[in-house]
Structure formats: C-alpha cells, structure tokens
Amino acid sequence: MFQKFYPDIYVESAYEIDFDSLYADGYRGLIFDIDNTLVTHGAPANDQARALFAHLKELGFECCLLSNNKEPRVKMFNEDVQVHYICEAHKPSADNYEKAMELMHTDKSTTLFIGDQIFTDIFGANRAGIPSVMVKYIYWKEEIQIVFKRRLEAIILLCYRRYRKKNRTAARGAFFGNP
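Since we're looking at a predicted model, the values are computed, not measured.

Asks: Please clarify how the pairing of strand β5 (residues 111-115) should be interpreted in this entry.
Replies: The side chains of a regular strand alternate between the sheet's two faces. The element β5 is extensively covered by neighbouring structure, given that 5 of its 5 residues are classed as buried. Here β5 shows no split at all, with T111, F113 and G115 on one side and L112 and I114 on the other all buried. Here strand β2 (residues 29-32) runs beside β5; their pairing, made up of 4 bridges, is parallel. Residue pairing for β5: F32 is matched across the bridge by I114. In this structure, β5 lies alongside strand β6 (residues 132-135), joined through 3 bridges in parallel fashion. The residue bridging F113 from the neighbouring strand is S132, located in β6.

Asks: How should the environment of E88 be read in this particular structure?
Replies: On the secondary structure map, E88 appears in the loop between β4 (84-86) and α4 (95-104). Along the backbone, E88 and N69 are 19 residues apart, and their C-alpha atoms lie at a distance of 5.3 Å.

Asks: How should I be thinking about the pattern of salt bridges in this particular structure?
Replies: Any two side chains of opposite charge can pair, so long as their charged atoms come close to each other. Applying the stated criterion across every chain, the model contains 5 salt bridges. Linked through salt bridges whose partners overlap, the residues forming this network are D33, K91 and D121.

Asks: So what exactly am I meant to see when it comes to the nonpolar core here?
Replies: A general tendency of soluble globular proteins is for nonpolar side chains to be buried together. Ranked by internal contacts, the top residues of the largest apolar core, which has 30 residues, are F19, F32, F53, F77 and I114. Of all the secondary structure elements, the ones that give two or more residues to this core are β1 (9-11), α1 (19-24), β2, α2 (47-59), β3 (62-66), α3 (71-78), β5 and β6. A per-element tally of this core places α2 first, with 4 residues. In contact with F53, not counting residues within four places along its chain, are F32, L38, C63, L65, F77, V81 and V83.

Asks: What am I meant to see in the state of the cysteines here?
Replies: Cysteine pairs can be linked by a disulfide, which is a covalent bond between their two sulfur atoms. Inspection of the entire model under this criterion finds 0 disulfides. Its sulfur unpaired, C63 is 8.8 Å from the next cysteine sulfur, which belongs to C64. A residue is classified by how much of its surface remains accessible, and C64, at 0% relative accessible area, is buried.

Conventions we followed
- Residues numbered from 1 in each chain as written.
- Predicted model: local features only at pLDDT ≥ 70, side-chain atom pairs only at ≥ 80, totals over all residues.
- Heavy atoms only, no water.
- Buried < 20%, exposed > 50% of the residue type's maximum accessible area, 1.4 Å probe, protein only.
- Helix = DSSP H or I, 4+ residues; strand = E, 2+ residues; numbered from the N terminus.
- Pairing = 2+ DSSP bridges.
- Salt bridge = Lys/Arg side-chain N within 4 Å of Asp/Glu carboxyl O.
- Core = buried A, V, L, I, M, F, W, Y, C linked by side-chain atoms within 4.5 Å.
- Contact = heavy atoms within 4.5 Å.
- Disulfide = S-S within 2.5 Å.

This is how it looks when you write it as structure tokens:
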C-alpha cells in the first residue's frame, strides 16, 4: 500500500554513503535535496558539504541540487559547491527530476536521488523511476507543516522496515544489496 513512498535504502546521513562504490557500480548522476539532507534548513554549504562535492566531482559524478525553495536560498548554498541546480522544483512532480537528468546527461539507470522527506523527495524520485536514498533529517526543529508530515513519515518508515525485513532484498541496484 505504501510502497510508492518507500526509499530504496534508508541511511543515517548523506555523508555516510559509499559514493566510490556507487561510481564503480555505474552511477554517474546524483540529485540532492539540500535542507535537512546536506545542511540544516537555510544554512549555507559547510565544510562537510564542500568536501563531499569536491570528492564527488573528483570521482567523476555530475550533481544537481533539486529544491522546492526559491532561487536565493538554493543559489546561496550552491555558491560553495558549484553544481547544477533547480529551484522551485515542485517535488514530488517528476518533471524536474527528469530535467536534472538532462542537465547531468544521465538517465534513470545511472542516476540516484538523495533526500530526507518521503512525501516530496522520495515519492518524487519513485514517480520519476529513479533509485532513492532517504537520509535521516539533520535537525528536528522545522516548520509546522513538516512536523506533521514527519509523523506520517514515521508510520511509513515503520511499514518500510517491516517490508524490508520480510523481503530481505532491495528494489534496485547492486549498491542496495541486502539491508
């Protein structure tokens, strides 16, 4: 019932993902949400984010930031990481996930999405047919509408964990192996 909201994998942090292995497995494009995925809401890129994107570029990845925020916020974060970006993305619409792949010259089989929200980030990636990694949000204090969504997400994540435990296989990709 909730499978359209399930990520392919759930991890604690975007910074713990083994991007070297992803590149070896054939992934070439990474689409990232920003707020509460890479930094706290509204924060500029920090040292950890700058180092991550430098490493990703060194590996050969194309990257794109995909955010529902307005351009000033996305542009401010991107000043320090210098990747493609799309603001006011209207996630979970699949349109801008597809546009991100066009910008990066990748396709659904070579692109991965990383984000922290089920109803925008993960649902949108699933609608676009892109493998997704959900990360635990960085900071709990958020706008009230997101707080309500987090409570619903908790129910879906509980179902997701039961589903994964029962099935013991991932939906897509070698990276996703057995949880």
